[in-house]
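What the coordinates show
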Amino acid sequence: MVQVLGAITQPFAVVNRAGRFLLCNSSFEQLAGYSSPELATISPASLFATENPAADQAEMFQVFESGGTRSGVTRWRSRSGQEIPVEVRCTRLELPDGEPVLLVLAANLSERQ
C-alpha cells in the first residue's frame, strides 16, 4: 500500500478529525513547503493564506459530518511565505478501524497559468 501511495503524483494528505496530518506524499510536501514530520505538528489552518484560516479549516471539516466531497479555490502560504493559489478537494474516508479521516487533494493553480 505504501508503494501505491508513493506513486501518486497529485499532492494529497490525510487529516484526522483533530486536525492532524496523518500522511502525505512528497508532492504535497513540495507544495506546502513542509516535510511530513513538520506537517504532523501543524493544523491545516496553518496553510491557508486567507483572512480567517480557522473558518476555512472548519468549512473543509464539514465533510466529516456531511460526507461527500467538497472543493474550492483558495490561497495557501508555504513555509517560505510564498502565497500559492490552490484548488482543494476534501473527501471523507474511513480507516479500517472506522475512524473518519479526510483525504485532501490539492492542485497548484499557478502551474496552470
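These remarks concern the structure in this document. (Residues numbered from 1 in each chain as written. Predicted model: local features only at pLDDT ≥ 70, side-chain atom pairs only at ≥ 80, totals over all residues. Heavy atoms only, no water.)

Right, let's get into the environment of Ser 110. One can find Ser 110 in the segment after strand 5 (100-108). For Ser 110, a relative accessible area of 35% gives the class partly exposed. In this structure the C-alpha to C-alpha distance between Ser 110 and Asp 56, which are 54 residues apart in sequence, comes to 20 Å. Residues contacting Ser 110, with those up to four places away along its chain left out, are Ile 84 and Pro 85. A polar side-chain atom of Ser 110 sits 2.5 Å from a polar atom in the side chain of Asn 108. (Helix = DSSP H or I, 4+ residues; strand = E, 2+ residues; numbered from the N terminus. Buried < 20%, exposed > 50% of the residue type's maximum accessible area, 1.4 Å probe, protein only. Contact = heavy atoms within 4.5 Å. Polar contact = N/O pair within 3.5 Å; in protein donor to acceptor, adjacent residues only side chain to side chain.)

Attention shifts here to the state of the cysteines. Note: disulfide means a covalent bond formed between the sulfur atoms of two cysteine side chains. A full pass over the atoms with the stated rule returns zero disulfides. Unpaired in terms of disulfides, Cys 24 finds its nearest cysteine sulfur in Cys 90, a separation of 15 Å. (Disulfide = S-S within 2.5 Å.)

Let's shift gears to the environment of Val 86. Within the fold, Val 86 resides in strand 4 (residues 83-94). A relative accessible area of 0% places Val 86 in the buried class. Along the chain, Val 86 and Ile 42 lie 44 residues apart, while their C-alpha atoms are 19 Å from each other. Not counting residues up to four positions away in its chain, the partners in contact with Val 86 are Leu 31, Gly 72, Val 73, Thr 74, Trp 76, Ala 107, Asn 108 and Leu 109.

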